Amino acid sequence: MQAGTAQAAQRIGVPREIFPGEKRVATVPEVVEKLIKLGFTVAVESGAGDAANFSDEAYRAVGAEIVQGAAALWAGADIVFKVAVPTSAEVGLLREGSTLIGFIWPAQNPELMQQLAAKKVTVLAIDALPRQLSRAQKMDALTSQAGVAGYRAVIEAANAFGRFFNGQITAAGKVPPAKVFIAGAGVAGLAAIGTAAGLGAIVRANDTRAEVADQVKSLGGEFVKVDYEEEGSGGGGYAKVMSEGFQQAQREMYAQQAREVDIIITTALIPGKPAPKLITAEMVKSMKPGSVIVDMAAERGGNCELTEPGQAVVKHGVTIIGYADLNSRLAKQSSTLYATNLFRLTEELCKTKDGVINVNMEDDAIRGLTVVKSGEITWPAPPLKQAAAPAPKPAAAPVAEKKGGHGHGSSAPLPAKTLAIIFAVAALAFWFIGAYAPAAFLGHFTVFVLACFIGYMVVWNVTPALHTPLMSVTNAISSIIAIGALVQILPPEAGTGARPDALIRWLAFAGIILTAVNMFGGFSVTRRMLAMFRK
């Protein structure tokens, strides 16, 4: 769009999903409001949100137009939001020059890519988002949907399992906790670990990426390590294909877990490849009767040899769940998260908030998403540019140590001559005070000087990182000064007739005010610091 040229707001169309079993919808009423604030108009096909419990009236109430029929919806949309991969019939409904945003899986659907290019449209595949970009996380639909699927996998397992997940002791007897093993600790696996641990099960997990061990433990699981050293991190947050030696050691570990646990949840997938077979038929036979396997990779062939995609079957006394629609079984939650992902993407495409998107191919995130641009196939995107390594900092000059080895800071010790002059001046001041000051004052002054010296030395020798907590506590404790000030400001005792000087009383009053600030400030800082260490 050229500068100074106004362009009409674009229309976002949300069709009803026709893929068998797909209950999700690409946007929800609360997100429609936000899209309209960005300047777009929104049209929703009648019944698009029914399966996810979003009625036409709910969309209409927030400003969306309800369109009857898919043909009218697609024909009038400048931008189409989709969930499932479009069918050939849906591609035929696309208007030339329009933009399609949704799941495409370009590596697995080369024929679909050719059909889309022939329609002269622009296609943004949400599954092609460069996930290694930190700012892309808000648009990462794969992550949001995997989290929902991991949660639902545990719910399906609990439904098929014949016992409680948590251990219980009842009058009728003791119920041991269920043992759950999760193969793969990606987003879906971690969601499953958190859910199973929350239900009280004993959770174990394994992943080829060693760095996820801490995440597994933080969610209440036990990381089971394969007795074979090999790094399994791949690009884009996925695992890589491991060597035959590692796979053999992994199979031995899986065989042992299959004999011990009650539930196995598998999540292992590698982009563009069939799901690796992790659970063999022999492992299934070794499991206890009544055990459950939830194969989250069933759509790509499954991680278990006996999985039947889309079905829940019982083989060798083990229930094997191969549902490919786990997200649709939580359609309202999945749709809300997905709609938010698309809204964040729309924000990036429409930074001017004028209802017109700009597919900026100079933007790394947008370039990665764009698989077809105005009829030209642009997938795969070029590798991301690696950020230049920061220039090494110049070595700091060595700091001279203080004599005696207990100094604090980097300043050099005072010269002997200067130190002698300071002591001489201090001694002269003490002689003058001792010669002319009252005896009572001299005693108080000596205590004051010693207190300053001791306090200075105590604080000076404390590690700098502890200065804030130290000062906050000492500020609160040192408010004993308020007692001395109150003694000076209170009325004299009966019969003595002695009253402090007016100047002393005003100084005492000022001391009380400053001490109150010191006291409450010290306690406030202490409380805030302690709150940092609380969950």
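Structure shown above.
J.: I tried to follow the overall build of the protein on my own but got confused; where do I start?
T.: From N to C terminus, the protein includes 17 helices and 17 strands. Residues counted as buried form 38% of the 535 residues belonging to the protein. Summarising the internal contacts of the protein: among those between residues at least 6 apart in sequence, 62% fall at separations of at least 24. By element, 61% of the accessible surface of the protein is carried by carbon and sulfur atoms, the whole surface being about 29,300 Å².

J.: Would you explain the sheet that holds strand β15 (residues 318-321) in this entry?
T.: For sheets, the rule is that strands pair by backbone hydrogen bonds, running either parallel or antiparallel. The sheet built from seven strands is open, its strands ordered β11-β10-β9-β12-β13-β15-β14 with mixed pairing. Both edges of this open sheet fall to β11 (222-223) and β14 (312-315), since each of them pairs with a single strand only.

J.: What am I meant to see in the packing of aromatic side chains here?
T.: All chains considered together, the criterion is met by five aromatic pairs. Ring geometry for phenylalanine 181 and tyrosine 254: centres 5.5 Å apart, planes at 70°, overall edge-to-face. Of the two residues, phenylalanine 181 sits in strand β9 (residues 179-183) while tyrosine 254 sits in helix α9 (residues 244-260), which places them 73 residues apart along the sequence. Assigned by exposure class, phenylalanine 181 and tyrosine 254 land together as buried. Three or more aromatic residues joined by ring pairs form one cluster here, namely Phe103, Trp105 and Tyr338. Here the guanidinium or amino end of arginine 300 rests over the ring plane of tryptophan 105, the centre of that ring lying 5.0 Å away. When the ring centre of tyrosine 323 is taken as reference, the NZ or CZ atom of arginine 329 above it lies at 3.7 Å.

J.: Would you mind showing me how to read the pattern of salt bridges here?
T.: Where side chains of opposite charge bring their charged atoms close, a pairing between them can arise. For the coordinates displayed, the defined rule picks out 21 salt bridges. Note that glutamate 348 and lysine 138 form a salt bridge whose closest N and O atoms lie 2.9 Å from each other. Remark: lysine 138 occurs in the loop between β6 (122-125) and α6 (141-160) and glutamate 348 occurs in helix α11 (residues 331-349); sequence separation between them is 210 residues. We classify glutamate 348 as buried; its relative accessible area is 15%. The exposure class assigned to lysine 138 is partly exposed, which follows from its relative accessible area of 36%. For glutamate 282, the salt bridge identified is with lysine 285, shortest N-O distance 3.7 Å. With glutamate 282 and lysine 285 both in helix α10 (residues 281-286) and three residues apart, the pair spans about one turn of that helix. Here glutamate 282 falls in the exposed class, since its relative accessible area comes to 55%. Exposure remark for lysine 285: the relative accessible area of 46% places this residue in the partly exposed category.

J.: Quick question: what am I supposed to make of the nonpolar core here?
T.: In globular proteins that are soluble, nonpolar side chains generally tend to be buried together. One finds Phe81 and Leu345 to be the most contacted residues of the largest nonpolar core, which totals 44 residues. Every element with two or more residues in this core is listed here: β1 (11-14), α1 (29-37), β2 (41-45), β4 (79-81), α6, α11 and α12 (364-369). Here this core gets seven residues from one element, more than from any other, and that element is α11.

J.: Any chance you could explain a nonpolar patch on the surface here in plain terms?
T.: A cluster of nonpolar side chains, namely Leu428, Trp431, Phe432 and Tyr436, defines an oily patch on the protein surface of about 550 Å² accessible area. According to the relative accessible area criterion, tryptophan 431 is exposed, its value standing at 56%.

J.: Is there a simple way to explain the pairing of β15 in this structure?
T.: The two faces of a sheet get side chains in turn, since along a regular strand they alternate between them. Going residue by residue along β15, you find Val318 and Ile320 tucked away on one face and Thr319 and Ile321 tucked away on the opposite face as well. In this structure, strand β13 (residues 292-295) lies alongside β15, joined through three bridges in parallel fashion. Residue pairing for β15: valine 292 is matched across the bridge by threonine 319. Across four bridges, the pairing between β14 and β15 is antiparallel.

J.: Which parts of the structure should I look at to understand the environment of aspartate 295?
T.: Among the secondary structure elements, aspartate 295 is positioned in strand β13. Judged by its relative accessible area of 0%, aspartate 295 falls in the buried class. Aspartate 295 has contacts with Thr266, Gly302, Asn303, Cys304, Thr307, Ile321, Gly322 and Tyr323, leaving out every residue within four places of it along the chain.

J.: Sorry if this is basic, but what is going on with unusual backbone geometry here?
T.: When glycine is set aside, most residues are seen to have a negative phi, and most peptide bonds are trans. In this structure, the amide linkage connecting tryptophan 379 to the following residue, proline 380, adopts the cis form with an omega of 0°. Take proline 380: it is sitting in the loop between β17 (376-377) and α13 (416-436). A positive phi angle is found at tryptophan 105, which is not glycine, with a value near 55°. Looking at where tryptophan 105 falls in the secondary structure, it is placed in the loop between β5 (99-102) and α5 (110-118). Phi at histidine 316 is positive, roughly 55°, even though this residue is not glycine.

J.: Sorry, what's going on with the pairing of β2 here?
T.: Burial analysis of β2 places four of its five residues in the buried class, the great majority of the element. Examined bridge by bridge, β1 and β2 share four bridges and lie parallel to one another. From the neighbouring strand, glycine 13 faces β2, where its bridge partner is alanine 43. The handedness of the β1 to β2 crossover, carried by α1, is right-handed.

J.: Please explain the packing of α1 against α11 as it appears in this structure.
T.: Interaxial distance between α1 and α11 falls to 9 Å at its minimum, and their mutual angle equals 10°. Classified by the interaxial angle, the pair formed by α1 and α11 is roughly parallel. Residues Glu30, Val31, Lys34 and Leu35 of α1 touch α11, and the partners they reach there are Thr336, Ala339, Thr340, Phe343 and Thr346. Of the residues in the contact of α1 with α11, the class split is four nonpolar, three polar and two charged.

J.: Hey, could you run me through the sheet that holds strand β16 (residues 370-373) in this one?
T.: Here we have eight strands laid out as an open sheet, ordered β3-β2-β1-β4-β5-β6-β16-β17, and mixed in their pairing. Edge positions in the sheet fall to β3 (65-67) and β17, since each of these pairs with one other strand and no more. Relative to β16, β6 runs antiparallel, the two sharing two bridges. Paired with valine 123 across the two strands is valine 372, which belongs to β16. Across the sheet, α11 is in contact with β4, β5 and β6; its angle to β5 comes to roughly 140°.

J.: Even after reading the chapter, I still don't get the environment of phenylalanine 430, so can you show me in this structure?
T.: You can see phenylalanine 430 is positioned in helix α13. You can call phenylalanine 430 partly exposed: its relative accessible area is 39%. It is 9.7 Å that separates the C-alpha atoms of phenylalanine 430 and phenylalanine 445, two residues lying 15 residues apart in sequence.

Reading the values: the criteria
Residues numbered from 1 in each chain as written. Predicted model: local features only at pLDDT ≥ 70, side-chain atom pairs only at ≥ 80, totals over all residues. Heavy atoms only, no water. Helix = DSSP H or I, 4+ residues; strand = E, 2+ residues; numbered from the N terminus. Buried < 20%, exposed > 50% of the residue type's maximum accessible area, 1.4 Å probe, protein only. Contact = heavy atoms within 4.5 Å. Areas by Shrake-Rupley, 256 points an atom, 1.4 Å probe, with all protein chains shown as cover. Pairing = 2+ DSSP bridges. Phe/Tyr/Trp six-rings, centres within 6.5 Å; stacked < 30°, edge-to-face > 60°. Lys NZ or Arg CZ within 6 Å of the ring centre and 35° of its normal. Salt bridge = Lys/Arg side-chain N within 4 Å of Asp/Glu carboxyl O. Core = buried A, V, L, I, M, F, W, Y, C linked by side-chain atoms within 4.5 Å. Patch = residues over 30% accessible without salt bridge, like charges linked within 9 Å, V, L, I, M, F, W, Y side chains within 5 Å. Right-handed = clockwise from strand over helix to strand, strands pointing away. Axes fitted to C-alpha atoms, helices over the stretch in contact; angles between N-to-C directions. Parallel < 35°, antiparallel > 145°, perpendicular 65-115°, else oblique. Nonpolar A, V, L, I, M, F, W, Y, C, P; charged D, E, K, R; others polar.

Scope: geometric values only; no functional claims are made or implied.
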